[in-house]
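In case you want the letters, here they are:
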Amino acid sequence: MTEPLWETRPPLNIARGGLVGARAGGRLIVTGGYTSHSFSDVLLSVERRDSGGVWTEGGQSSAGIDPTPMPTPRGNAAAAELKGRIYVIGGYSFGPTNPPLNVVEAYDPQPPPGEWTTVAPLPPELGSGLGALDAARVGKRIYAGGGAGEGPGIQNRVWEYDA
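Starting afresh in each chain, residues are numbered from 1 along the sequence in its written order. Predicted model: local features are reported for residues with pLDDT of at least 70 only, side-chain atom pairs are reported and counted for 80 or more only, and whole-chain, interface and lining totals are derived from all residues. Excluding hydrogens and water, the side-chain figures rest on all heavy atoms present in the structure.

Novice: Where do I start with the overall build of the protein chain in this structure?
Specialist: The way it works is that DSSP assigns letters per residue, a run of H or I at least four long becomes a helix, a run of E at least two long becomes a strand, and they are numbered from the N terminus. When you go through the protein chain residue by residue, the secondary structure sums to 0 helices and 14 strands. From first element to last, N terminus to C terminus, the protein chain shows the α and β order β-β-β-β-β-β-β-β-β-β-β-β-β-β. Here the protein chain has a C-alpha radius of gyration of 16 Å; the compact-globule value for 163 residues is 15 Å, and the two agree. For the protein chain, the spread of C-alpha atoms along the principal axes amounts to about 45 × 40 × 35 Å. Per-residue accessibility, obtained with a 1.4 Å probe over protein chains only, is compared with the maximum for each type, and a residue is labelled buried under 20%, exposed over 50%, and partly exposed between these values. Taken over 163 residues, the protein chain has a buried fraction of 41%. Excluding contacts between residues fewer than 6 apart, the proportion of contacts in the protein chain whose partners are at least 24 apart in sequence is 48%. As defined in this context, the radius of gyration uses C-alpha atoms, and a globule is described by 2.2 Å times the residue total to the power 0.38. In what follows, a contact means two residues having at least one pair of non-hydrogen atoms within 4.5 Å.

Written out as structure tokens, the structure is:
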């Protein structure tokens, strides 16, 4: 059995911590995150890895088509692909010392530059929202769970989303 290997690939255009990413439209797409440890620089930009392995973002695309920025800047969110769209769930607008967000936005990358839509928010029992959670698509649904909320604290619950 061959041992799996990590290989270095072209870097993102912007250094990001707390970013999210998923595959949609045949491309790896990342968005959000922070550019500093103080969480003061929150990103809404989107980077898309093209077929040549090069990342495009805001003014960087050789094709002249840049990904549409995410409406709500945030980091430490969750992301999952469902039906060709990337759903970005919760997160923090200015780091984990601030209230988390309950907003959920879906990015449809086709046709470029793509379009964002606000969809059903996280459940109201979470108060202001949830950050530092995780999500995955299983079949035709997204499951999101864990994370930290303002009022309810660290979560053990899981939520199901059906688009």
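Novice: What is the right way to look at the confidence of the model for the protein chain in this model?
Specialist: For residues with low pLDDT, the predicted coordinates do not support detailed interpretation. In this model, the protein chain carries a mean pLDDT of 86, and residues with pLDDT of at least 70 account for 91%. Confidence drops under a pLDDT of 50 for residues 59-64, and excluding neighbours within four residues, the segment shows 5 contacts in the predicted structure. The predictor rates its confidence in each residue with pLDDT, a number between 0 and 100.

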